[in-house]
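Residue-level listing of the chains:
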Amino acid sequence: MWALRQYENQHGANESTYWIFFELLWREYFFWYARAHGRSLFILNGLRHQVAYSIRQDAQRLAAWQNGQTEFPLVNACMHQLVATGFMSNRGRQLVASCLVNELQLDWRLGAEFFERHLIDYDVGSNWGNWQYLGGVGADPRGLRRFDQDKQQRTYDPYGEFIKRWQGYQT
Ligand SMILES: Cc1cc2nc3c(=O)[nH]c(=O)nc-3n(C[C@H](O)[C@H](O)[C@H](O)COP(=O)(O)OP(=O)(O)OC[C@H]3O[C@@H](n4cnc5c(N)ncnc54)[C@H](O)[C@@H]3O)c2cc1C
């Protein structure tokens, strides 16, 4: 935030500096969220003890997701990238999390654990807070977030370039 303000003082504020500010607020939010809620961050039914929508612990489905062998090419590409590099874009994280929760109906914590193992920017509050949010048992009052995987692919990888980049990658 300090660096951002310094940049703005020198070069002026713009739309991009606003969005970095906005994203940093999320980081701050999940930091305090984790401090405030402690162990509730790791509970299947979340903070308010809502009933989790996805609760399966199916090893085969989980392996398909982890190895990038689902029926969704963009999800697979993102998972390959994660395992190969430790990186995944925010959009990718949302898509693969939605796939795990809504399409595979797995316990969201299995996804959070896998991210914990692989992300180079792993952070307890941001990771578990975001997963809980996408699992429909976290801070979001609107509940479950389901992404239309085909539409997301058409929007974010219309020519299949990203998918091709990570296609043959073996985990
Ligand atoms: C399921 C899931 C798990 C995630 N796990 C982590 C994690 O373990 N560690 C982590 O740092 N971020 C996590 N995020 C948040 C986000 O995906 C990353 O911070 C983001 O990809 C960083 O990209 P960037 O460096 O381009 O940041 P920008 O988009 O430029 O944002 C600037 C900074 O704001 C913060 N930020 C941005 N989006 C978020 C967000 N949704 N929640 C919290 N902080 C945010 C980050 O510190 C980031 O570096 C997760 C998101 C999801 C959906």
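See the structure shown above.
This write-up is about the structure you can find in this document. In every chain, residue numbers begin from 1 and rise along the written sequence. Note on the predicted model: pLDDT of at least 70 is required for a residue's local features to be given, and 80 or more for side-chain atom pairs to be given and counted; whole-chain, interface and lining totals, by contrast, use all residues. Values reported for side chains reflect all heavy atoms of the structure, with hydrogen atoms and water molecules removed beforehand.

1. Section: the site of the ligand
Stated precisely, the cut-off is as follows: Near, as used in this document, describes a residue that has one of its heavy atoms within 4 Å of the molecule or strand being considered. Side-chain atoms alone can form a polar contact between residues adjacent in sequence; in general such a contact is a pair of N or O atoms within 3.5 Å, and within protein one must be able to donate a hydrogen while the other accepts it. Under the convention used here, a 1.4 Å probe and the Shrake-Rupley method define accessible areas, while residue burial counts only the protein chains that appear. Grid spacing is 1 Å over the protein atoms alone, the probe is 1.4 Å, and a cavity is where that probe fits but cannot get out, while a pocket is an open set with protein on both sides within 12 Å along at least five of seven lines and lining residues have an atom within 4 Å of a point. More than half of a molecule's atoms within 2 Å of the grid points is what it takes for that molecule to sit in a cavity or pocket. Under the scheme applied, nonpolar residues are Ala, Val, Leu, Ile, Met, Phe, Trp, Tyr, Cys and Pro; charged residues are Asp, Glu, Lys and Arg; polar residues are all the others, including Gly.
In the region of the ligand, 18 residues are neighbours, and Arg27, Asn90, Asp121, Asp123 and Asn130 sit closest. Measuring from a nitrogen atom of the ligand, one finds a side-chain N or O atom of arginine 93 at 3.4 Å. Take aspartate 121: an N or O atom from its main chain is 2.7 Å from a nitrogen atom of the ligand. Protein chains shield 76% of the accessible area of the ligand, which is 830 Å² for the free molecule. More than half of the atoms of the ligand fall within 2 Å of the grid points belonging to the largest pocket. Tallied by class, residues from the shell around the ligand come to eight nonpolar, five polar and five charged.

2. Concerning the nonpolar core
Cut-off, in case you're wondering: Only buried residues count toward a nonpolar core, which is a set of Ala, Val, Leu, Ile, Met, Phe, Trp, Tyr and Cys residues joined through side-chain atoms within 4.5 Å. Buried means the residue's accessible area, taken with a 1.4 Å probe over protein chains only, is under 20% of the maximum for its type, while exposed means over 50%, and partly exposed covers the values in between. In what follows, a contact means two residues having at least one pair of non-hydrogen atoms within 4.5 Å.
Membership of the largest hydrophobic core comes to 40 residues, with the highest contact counts inside it found for Trp65, Met79, Val96, Phe115 and Trp131. Residue contacts for valine 96: discarding those within four places in its chain leaves Trp65, Val75, Cys78, Met79, Met88 and Phe115.

3. Focus: the environment of tryptophan 65
Applicable threshold: Note on conventions: DSSP H or I runs of at least 4 residues are helices, E runs of at least 2 residues are strands, and numbering of each starts at the N terminus.
By the secondary structure assignment, tryptophan 65 is in helix α3 (residues 59-66). We classify tryptophan 65 as buried; its relative accessible area is 0%.

4. Overview of the layout of surface pockets
Defined as follows: Grid points are joined across faces, edges and corners, and a volume is the space filled by probe spheres set on the points.
Considering only enclosed or pocket space, the largest pocket measures out at about 830 Å³ in volume. Surrounding the largest pocket, 26 residues form its lining, Glu23, Trp26, Phe30, Asn90 and Asn130 being those nearest its centre. For the lining of the largest pocket, the secondary-structure elements that each account for two or more residues are α2 (15-37), α5 (90-103) and α7 (124-134). Residue composition of the lining of the largest pocket, by class: 12 nonpolar, six polar and eight charged.

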